[in-house]
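The residues making up each chain are set out below.
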Amino acid sequence: MADQSFNITDNRTGKSYTLPVHDGTIRAMDLRPIKADPEEFGTMTYDPAFLNTASCRSAITYIDGDRGILRYRGYPIEELAEKCSFMEVAYLLLNGELPTQIELDQWITEIKSHTMIHETTKHFLQGFRYNAHPMTMFISTVAALSSVYPECKHVLDPTIRRREIVRLIAKVPTIAAYCYRHQLGYPYVYPDNDLSYAENFMNMLWRMAEPKFLANPVLARALDILFILHADHEQNCSTNVMRCVGSSQADPYVSLSAAAAALSGPLHGGANEEVLRMLDEIGTVDNVKPYVDKVKSGHTKLMGFGHRVYKNYDPRARIIKWTANQVFEVTGRNRKIDVALALEKIALEDEYFVKRKLYPNVDFYSGIIYEAMGFEPSIFTVLFAIPRTVGWLAQWQEMITDPEQKISRPRQLYIGHAERHVPTLAERSVPATAIAMS
Ligand code: CMC
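What comes next concerns the included structure. (Residues numbered from 1 in each chain as written. Predicted model: local features only at pLDDT ≥ 70, side-chain atom pairs only at ≥ 80, totals over all residues. Heavy atoms only, no water.)

### Some details on the overall build of the protein
(1) Moving on: Scanning the protein for helices and strands turns up 18 helices and five strands.
(2) Moving on: Here the protein has a C-alpha radius of gyration of 25 Å; the compact-globule value for 438 residues is 22 Å, and the two agree.
(3) Moving on: If one aligns the C-alpha atoms of the protein with their principal axes, the spans along those axes are about 80 × 60 × 55 Å.
(4) Moving on: Expressed as a percentage of its 438 residues, the buried residues of the protein come to 47%.
(5) Moving on: Contacts in the protein between residues far apart in sequence, at least 24 positions, make up 69% of those at least 6 positions apart.
(6) Moving on: Carbon and sulfur atoms form 55% of the exposed surface of the protein, whose accessible area is close to 22400 Å².
(7) Moving on: A distance of 3 Å separates the average location of the 47 positive side-chain charges in the protein from that of its 51 negative side-chain charges. (Helix = DSSP H or I, 4+ residues; strand = E, 2+ residues; numbered from the N terminus. Rg over C-alpha atoms; globule rule 2.2 N^0.38 Å. Buried < 20%, exposed > 50% of the residue type's maximum accessible area, 1.4 Å probe, protein only. Contact = heavy atoms within 4.5 Å. Areas by Shrake-Rupley, 256 points an atom, 1.4 Å probe, with all protein chains shown as cover. Lys, Arg positive; Asp, Glu negative; His and termini not counted. Charge placed at Lys NZ, Arg CZ, Asp CG, Glu CD.)

### Describing a nonpolar patch on the surface
(1) Moving on: A cluster of nonpolar side chains, Y46, L413 and I415, forms an exposed patch at the surface whose accessible area comes to about 420 Å².
(2) Moving on: Topologically, L413 is positioned in the loop between α17 (380–400) and α18 (432–437). (Patch = residues over 30% accessible without salt bridge, like charges linked within 9 Å, V, L, I, M, F, W, Y side chains within 5 Å. Salt bridge = Lys/Arg side-chain N within 4 Å of Asp/Glu carboxyl O.)

### Considerations on the sheet that holds strand β5 (residues 75–76)
(1) Moving on: Ordered in space as β3-β4-β5, the three strands form an open sheet in which the pairing is antiparallel. Of all strands in the sheet, those with a lone pairing partner are β3 (61–64) and β5, marking the two edges.
(2) Moving on: Relative to strand β4 (residues 69–72), β3 is paired through four bridges, and the arrangement is antiparallel. Within β4, the position partnered with I63 by the bridge is L70. (Pairing = 2+ DSSP bridges.)

### Looking at the packing of aromatic side chains
(1) Moving on: According to the stated counting rule, one finds 16 aromatic pairs in the structure shown.
(2) Moving on: For the ring pair Y149 and Y253, a centre distance of 5.8 Å and an interplane angle of 25° mean the geometry is stacked. Here Y253 lies in helix α10 (residues 252–263) and Y149 lies in the loop between α5 (134–148) and α6 (158–184), a separation of 104 residues in the sequence.
(3) Moving on: With centroids separated by 4.5 Å and ring planes inclined at 10°, the aromatic side chains of Y178 and Y188 adopt a geometry described as stacked. Here Y178, found in helix α6, pairs with Y188, found in the loop between α6 and α7 (197–206); they are ten residues apart in sequence, far enough to count as distant. In this pair, the class of Y178 matches that of Y188, namely buried.
(4) Moving on: Ring-pair connections join several aromatic residues into one group, and the members of that group are F305, Y352, F353, F364 and Y365. (Phe/Tyr/Trp six-rings, centres within 6.5 Å; stacked < 30°, edge-to-face > 60°.)

This is the structure we're talking about:
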């Protein structure tokens, strides 16, 4: 609401300042004129890890972390997961509205006409060692696509931007599947455009000698739902990287590769792989309590728990739990679910977790489903990156077309030496640490 303001009195000078408040927010630049001395730089905000800083205005994804709400373009995630396909949700995130039947058909045809990757990219992939981590291969290969489509540098051209968005959404499943098969030593499988987005991905992953791969429809739908749940999550670490790198007008391939690199960390998308590792380490329900005690004593973290924004329950985790049961009807129960449920129960009742508002997040159950479907843990984070590509691109497009945005460049509080002068080699004393180590 306009016409709201704060009055701030600088107790160093006694001067008062009126700062406009819009959307419950003050502009950091409005603090700059507040100075104790005219020669000073002016007041800044200090916010390591962006705990309380809005970096953009966005109309894409809404999260209310205290109430466990997630909406894409206003639509609740629960309704989208129940009623839409991933292709519809991708269209929604990028264009702001759900497609009509005609628009959806055109969109799917457009995506399908870009699913192949250039043969040189295939050869590039073949250069990786047999045991290369699929996420590392994914990150590098997405960046390498920038060399295949040099026109992608013209990021201010909307026609080119749109073509690169379509190419990236179409090609990431192909790259991901090739990364997976490379690790297993299997020949790469070309896309089959008769199939849906998720079915085709499963075809490229798992087709062997059969003339046509037909995915189990329950598993294909489960994967499609998982893609919907992972498609966007407003200004998370990797999306912030996408916007930050993109703000220098770097091309979308290298920007997206940087975002995927951020996603690969164990505190972000890499958590799904870590959850499986943790459940393996715990092994049986009997070991859950001692493991929780280890977490409480600060020796380790409960992977798949906690979130910067959700302080109630991650709504995606609830849908994933439901999806897991559908998958288990087909694949049989993954015994790790029993350990996960026991872990969740103990943690949700324990004061340590209650006090810190730590709840299962999207990664807690996703790995268990992926494993039941036949995925190796090393591909889990790549499975996150495929749908998040849509969110990264929607956010990138919004950033590029936002007249308020500029190259991203935070300030710092310098805490190093004041000016000093370079001594000669002979004048330099041996540092105390070097003496202690000798
Ligand atoms: N296990 C045990 N303690 C935890 C955990 C956890 N998973 N997460 C947070 N805490 C504790 C933390 O030690 C701190 O305790 P204290 O106040 O005593 O110092 C308190 O809870 C607050 O944590 P924080 O580190 O300030 O929270 P954050 O917002 O900076 O971190 C997080 C969020 C997701 C990085 C963190 O909860 C975490 O590391 N979780 C495990 C990794 C994980 O599952 N990541 C996936 C996130 S969801 C998918 C995605 O979007 O990437």
